[in-house]
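The residues making up each chain are set out below.
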Amino acid sequence: MKAIRRFTVRPVLPEPLMPLADLARNLRWSWHTETRELFQSVDPEGWQAAGGDPVRLLGSVPAARLGELAADRRFLRRLAVVAADLDDYLHGARWYQTHENSAGFPAAIAYFSPEFGITAALPQYSGGLGILAGDHLKAASDLGVPVIGVGLLYRHGYFRQSLSRDGWQQEHYPVLDPHELPLSLLRQEDGTPARVTLTLPGGRSLHAHIWQARVGRVPLLLLDSDVEDNDAGAREVTDRLYGGGSDHRLLQEMLLGIGGVRAVRAYCRITGHADPEVFHTNEGHAGFLGLERIRELDGEHGLGFDAAVEAVRAGTVFTTHTPVPAGIDRFDRSLVARHFGEGGELAGVPAERILELGAESYPGGDPGVFNMAVMGLRLAQRANGVSTLHGAVSRGMFAGLWPGFDAADVPIVSVTNGVHAPTWVAPEVMRLGARQIGAGRTEDALAAGASARWDAVAQIADQDVWDVRRTLREQLVQEVRDRLRASWKQRGAADAELGWVDGVLDPDVLTIGFARRVPSYKRLTLMLRDPERLRRLLLHPDRPVQIVVAGKAHPADDGGKRLVQELVRFSDDPRVRHRIVFLPDYGMAMAQKLYPGCDVWLNNPLRPLEACGTSGMKAALNGCLNLSVLDGWWDEWFEPDFGWAIPTADGLGTDEDRRDDLEAGALYELIEERVAPRFYDRDGRAGLPVRWIEMVRRTLVSLGPKVLAGRMVREYVERLYTPAALAHRTLTPDTARDLAWWKGRIRASWPEVAVEHVEAVAAAPVGGTAELGATLTLRVRVALHALTPDDVEVQAVAGRVDAQDVIRDGRAFPLKPAAGPDLEGRWVYEGPLALDRTGPFGYTVRVLPAHPLLASPAELGLVAAPVGSEASLGGVLMR
């Protein structure tokens, strides 16, 4: 019989065991080995059945066992030590509190993301964006950064993946009960659940409860629309991650952004937490948070729309994660207008001004859509990509928002992603490091990335390194066999058919891993480009290779599902199924076994479409070498000591088949001629692959500190959060109004600004040549009309030029007013220009708006330059 109602019966812990409840409710256990080991000792079999989730474990432990533990002095001593360690972790001063510049750091930062991958026990993620967000919170907690995470609670999560008999992906959406998760409701002082409410068209409302997760020191607020006061449609808004049509997605993003700000306000009021000075938008999904803050400042405080925009921009950071326009959420303009028009949300904020913020008002833009990333950039004074290469790609992709500027001048910087070492480093690797680093907080040492401690890893003996690597490979082999057997049973196979599974993979064979989402650009099946050649690699008599593959296609992506099916059918072939496997239902629990157990991590996207690609970072922290296209983070930090770069055929344009053939061939060749020979090249005396082990060691020592989420979060604090907080403090209401008025005056006057004449008045090149080290003196006549020199900066921009006379890697030289104004508002500027580079050289002149509160000279997207200007080879531009 099926129950008509489901609820959770919680155990009553004996008084001596009460600290277990606090330990289970703080997700620090997900990256703290001693806490997990303590829970495992409560009930080893129950721990396995609970999937390593302390909340589920405590809900199933028999009362008799709890009574035994309450009288077990040895267990109680362990419990006291672990509980005291958590208390010290939560309340002790850390990097953020002890930094020499901590007085200027933000009082708090609100970090918004549509998904968070904290632990498999809280399945609120789909892929890299969510895992990155989870690692961001964990690293912030380790460093003591006062972040408040904000997201949605999806009652079905993303989806669980299985395979049909013929290898087609199938999706399942299990219902998640928040009461069975490591969550608690945020409650008002009177005990009633706190909630936020959004106004919907037609007199409807969208209510949401606020669930809290404790991620170490960081609170994570998750909004849940499954509230009785909602109608059926509103209750389903937070049903599943990245599901539904446009209207459904728009409501999710309104709840995340607008409701999220309201949830933060409620949380800070109820708990006394400091109000955020900085709001960080992790991708465009949360961009509506800026609109709610405009409503607060405009409607509640009477600041005025334009001044409110400036105040919001000052304290906002926007991170873009996509290198392709197709990855950006774009809604029909009329749909957005309906939700923010009369009777909709944000009453009092002009709907036409909201629509302007997301308008693609640039060449090639679609006037009929509302672009979430465009709004995010317009409402953030500081923006970044997630690797150096991705920053460059983003500057090109969004250059239309800054017309007249070269892509290099677009104000989008880069903070390369990192990963949270204590989450992703296997306990065996952690213990190996502890022997060399010494006693104490090994996890903290890994997270902090102290170079002296990482250098100590270089002293670990070859035999110890190799023994750990084989142990991890052996664990992966057993994990793969268990998962593969379970998968085949789901596909309809009987036990009698599955004897072959016990021979799948070999702990002494070179193991390559490939696991990620399955959009076409990640090229899951590039390895299958030449099936016969791949078979020869897998079955080589002396240097065999085995490959473990995992990944999910989006439920609506039949093309991705076909790629999965193609890979599954190849791996089902009895000739090779002991050497290549596809594991369904890729998630954090699988990943934590997969990364450490592989010898090589494969990544072969279409360059430059991988924004960062952090899976290879997690593998590297476990001593796994990377075999990757030079894209994302690998383009930035690749060295031959860390692995191999797959050559790319970038110049083939739209001939994707030819490009795939060439790059697959390069991949096969690398494995055949360099990777496999290096792995199987053994020292005659010790029988160890000493050159391979040295690459493992160099990866850990030199690459390890770079790929840490702690390094990433420190960069955010120092380069983005702190400047944003200072700008937020500077923009008082009066200052914000003054800045908005100044920008309006500049925009109105800019059409009359012009560079009318440029000449070199001293040491001009003779015959188109000049000597290195010479200095030109430039004189420029600029028409400012209603503006003054205080409103602008006049610059000479100089550098090497290419065959089309385009300046590359130019440097800006400020010019100063020398005379003016005349009756028509013309000024003369002069200044020196140093010829500091050899070869073809050129310069031009430009005029930019200038104000002390601008974060970048390009902020307004306004620039004036000589009409038809171009640099001349080996010489100068002269008008």
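Remember, predicted model here, so these are calculated numbers, not experimental data.

Cut-offs applied
Residues numbered from 1 in each chain as written. Predicted model: local features only at pLDDT ≥ 70, side-chain atom pairs only at ≥ 80, totals over all residues. Heavy atoms only, no water. Helix = DSSP H or I, 4+ residues; strand = E, 2+ residues; numbered from the N terminus. Rg over C-alpha atoms; globule rule 2.2 N^0.38 Å. Buried < 20%, exposed > 50% of the residue type's maximum accessible area, 1.4 Å probe, protein only. Areas by Shrake-Rupley, 256 points an atom, 1.4 Å probe, with all protein chains shown as cover. Lys, Arg positive; Asp, Glu negative; His and termini not counted. Charge placed at Lys NZ, Arg CZ, Asp CG, Glu CD. Contact = heavy atoms within 4.5 Å. Salt bridge = Lys/Arg side-chain N within 4 Å of Asp/Glu carboxyl O. Phe/Tyr/Trp six-rings, centres within 6.5 Å; stacked < 30°, edge-to-face > 60°. Pairing = 2+ DSSP bridges. Disulfide = S-S within 2.5 Å. Expected span 1.5 Å × (residues − 1). Polar contact = N/O pair within 3.5 Å; in protein donor to acceptor, adjacent residues only side chain to side chain. Axes fitted to C-alpha atoms, helices over the stretch in contact; angles between N-to-C directions. Parallel < 35°, antiparallel > 145°, perpendicular 65-115°, else oblique. Left-handed = near helix turned anticlockwise from the far one by under 90°. Nonpolar A, V, L, I, M, F, W, Y, C, P; charged D, E, K, R; others polar. pLDDT = per-residue confidence, 0-100. Arc of directions from axis to C-beta. Core = buried A, V, L, I, M, F, W, Y, C linked by side-chain atoms within 4.5 Å. Patch = residues over 30% accessible without salt bridge, like charges linked within 9 Å, V, L, I, M, F, W, Y side chains within 5 Å.

(A) Molecular detail of the overall build of the chain. Across its full length, the chain carries 30 helices and 26 strands. Computed over the C-alpha atoms, the radius of gyration of the chain is 29 Å, within 12% of the 29 Å expected from 2.2 N^0.38 for a compact globule of 879 residues. Projecting the C-alpha coordinates of the chain onto the three principal axes gives extents of approximately 95 × 75 × 50 Å. The buried share of the chain, reckoned over its 879 residues, is 57%. Counting only carbon and sulfur atoms, one obtains 50% of the accessible surface of the chain, whose full area is about 34,900 Å². Once the 98 positive and 114 negative side-chain charges of the chain are each reduced to a mean point, those two points are 4 Å apart.

(B) Representation of the environment of Lys561. Here Lys561 lies in helix 23 (residues 558–572). Its relative accessible area of 6% is what places Lys561 among the buried residues. Spatially, the C-alpha atom of Lys561 lies 26 Å from that of Leu537, the residues being 24 residues apart in sequence. Each residue touching Lys561, except ones within four places of it in the same chain, is listed here: Trp168, Gln169, Glu171, Ala553, His554 and Pro555.

(C) A look at the pattern of salt bridges. Under the counting rule described, the total for this entry stands at 64 salt bridges. Across the salt bridge formed by Asp681 and Arg691, the nearest N and O atoms sit 3.3 Å from each other. Taken together, the residues Asp681 in the loop between helix 27 (656–680) and helix 28 (690–703) and Arg691 in helix 28 connect sequence positions 10 residues apart. Look at the salt bridges and you will find they share partners, linking Arg523, Arg529, Arg607, Asp635, Asp650, Asp657, Arg659, Asp660, Asp661 and Glu663 into a network.

(D) Molecular detail of the packing of aromatic side chains. A full pass over the atoms with the stated rule returns 21 aromatic pairs. An angle of 50° between the planes, with centres 4.7 Å apart, marks the rings of Tyr158 and Phe159 as tilted. The same class applies to Tyr158 as to Phe159, namely buried. Geometrically, the ring pair formed by Trp644 and Trp692 is tilted, given 5.7 Å between the ring centres and 40° between the ring planes.

(E) Seen up close, the pairing of strand 10 (residues 316–319). Taking every second residue as pointing to the same face, both faces of strand 10 are buried, with Thr316 and Phe318 on one and Val317 and Thr319 on the other. The sheet contact formed by strand 9 (residues 278–282) and strand 10 spans 4 bridges and is parallel. When the sheet's bridge partners are listed, His280 is paired in strand 10 with Val317. The sheet contact formed by strand 10 and strand 13 (residues 382–385) spans 3 bridges and is parallel. Bridging from a neighbouring strand, Val317 pairs with Arg382 of strand 13.

(F) The arrangement of the state of the cysteines in detail. Within this structure, the stated rule accounts for 0 disulfides. In this structure Cys598 is a free cysteine whose sulfur lies 5.7 Å from that of Cys624, the closest cysteine sulfur available. For Cys598, a relative accessible area of 0% puts it in the buried group. Judged by relative accessible area, which is 0%, Cys624 ranks as buried.

(G) Region of the structure containing helix 23. With 15 residues, helix 23 should cover 21 Å at 1.5 Å per step; its first-to-last C-alpha distance of 20 Å lies within 8% of that length. If you check which residues of helix 23 are buried, you get Gly560, Lys561, Leu563, Val564, Gln565, Leu567, Val568, Phe570, Ser571 and Asp572. The opening residue of helix 23, the one whose side-chain oxygen lies 3.2 Å from the backbone nitrogen of Gly559, is Asp557.

(H) Fine view of the packing of helix 21 (residues 462–490) against helix 24 (residues 588–597). One way to put it is that helix 21 packs onto helix 24 with a least axis distance of 8 Å and a crossing angle of 140°. As the angle between them shows, helix 21 and helix 24 are arranged oblique. Crossing of helix 21 against helix 24: the hand is left-handed. Contacts between helix 21 and helix 24 involve Arg469, Leu472, Arg473, Gln475, Leu476, Glu479 and Arg483 from the former and Ala589, Met590, Lys593, Leu594, Pro596 and Gly597 from the latter.

(I) View of the sheet that holds strand 18 (residues 600–603). A sheet is described by the order of its strands in space; here 6 strands give the open sequence 17-16-15-18-19-20, paired in parallel fashion. The open sheet has two edge strands with one neighbour each: strand 17 (580–583) and strand 20 (643–646). Geometrically, the sheet is characterised by an average inter-axis angle of 20° between neighbouring strands, direction not taken into account. Where strand 19 (residues 625–629) meets strand 20, 4 bridges bridge the pair, whose relative direction is parallel. Its bridge partner lying in strand 20, Ser628 is registered against Ala645. Helix 21 rests against strand 15 (510–515), strand 16 (545–550) and strand 17 of the sheet, and its axis sits at about 65° to strand 17.

(J) Representation of the packing of helix 2 (residues 33–42) against helix 6 (residues 73–91) within the structure. Running from N to C, helix 2 and helix 6 cross one another at 150°; their axes reach a closest spacing of 10 Å. Between helix 2 and helix 6, the angle falls in the class roughly antiparallel. With respect to the hand of their crossing, helix 2 and helix 6 are arranged in left-handed fashion. In contact with Glu34, Thr35, Glu37, Leu38, Ser41 and Val42 of helix 2, helix 6 contributes Phe75, Arg78, Leu79 and Val82. Classifying every residue of the contact of helix 2 with helix 6 gives 5 nonpolar, 2 polar and 3 charged.

(K) Structural detail: the side chain of Arg659. Inspection of the secondary structure assignment puts Arg659 in helix 27. Given a relative accessible area of 9%, Arg659 falls into the buried group. Contact partners of Arg659, with chain neighbours within four places excluded, come to Arg523, Leu606, Arg607, Ala649, Asp650 and Leu652.

(L) Seen up close, the environment of Val792. Examined against the element boundaries, Val792 turns out to sit in strand 23 (residues 792–801). On the accessibility criterion, Val792 (6% relative accessible area) is buried. As for Val792 and Glu497, which are separated by 295 residues in sequence, their C-alpha atoms are 77 Å apart. Not counting the four nearest positions on each side in its chain, Val792 is found in contact with Trp750, Leu784, Leu787, Tyr829, Val847, Leu848, Pro849 and Ala850.

(M) Spatial organisation of the confidence of the model for the chain. Put simply, the chain has an average pLDDT of 92, and 95% of its residues get 70 or more. Note on residues 870–879: pLDDT is under 50 here. Beyond four places in sequence and across chains, it has 41 contacts.

(N) Here's a closer look at unusual backbone geometry. At the junction of Arg607 and Pro608, the peptide bond is cis and its omega measures out at 5° in the coordinates. When you line up the elements, Pro608 lands in the loop between strand 18 and helix 25 (615–620). Of note, the bond from Gly820 into Pro821 is cis; its omega dihedral lies within 30 degrees of zero at 0°. Assignment of secondary structure puts Pro821 in the loop between strand 24 (807–819) and strand 25 (826–834).

(O) Inspection of helix 13 (residues 333–340) at higher detail. Those residues of helix 13 that fall on the buried side of the exposure criterion are Leu335, Val336, His339 and Phe340. Down the axis of helix 13, the buried side of the element spans an arc of 120°, and every buried residue falls inside it. Against helix 10 (246–271), helix 11 (289–300), strand 11 (330–332), helix 14 (351–357) and strand 12 (369–371) lie the buried residues of helix 13.

(P) Layout of the nonpolar core. Formed by 105 residues in total, the largest nonpolar core has its most connected members in Leu510, Met527, Ile547, Leu627, Trp644 and Trp692. For this core, the element with the highest residue contribution is helix 27, accounting for 10 residues. Apart from residues no more than four positions distant in its own chain, Trp692 is found in contact with Trp466, Leu510, Asp599, Val600, Leu625, Trp644, Val675, Arg678 and Phe679. If you look at the next biggest cluster of nonpolar residues, it comprises 98 residues, including Ala110, Leu186, Ile294 and Leu784.

(Q) Just a positive patch on the surface, in detail. A surface patch of like charges, here positive, comprises Arg73, Arg74, Arg77 and Arg78. Tracing the chain through its elements places Arg74 in helix 6. Accessibility expressed as a relative area gives 62% for Arg74, which makes it exposed.

(R) Examining the pairing of strand 23 more closely. Of all 10 residues in strand 23, 8 are buried; the element is thus mostly enclosed. Where strand 23 and strand 26 (residues 841–849) come together, 9 bridges link them in antiparallel fashion. The residue bridging Gly799 from the neighbouring strand is Gly842, located in strand 26. Pairing of strand 23 with strand 24 involves 7 bridges; the strand directions are antiparallel. By the bridge assignment for strand 24, Ala796 is matched with Phe813. Adjacent in sequence and paired antiparallel, strand 23 and strand 24 are bridged by 5 residues, among which Asp805 carries a positive phi angle near 65°.

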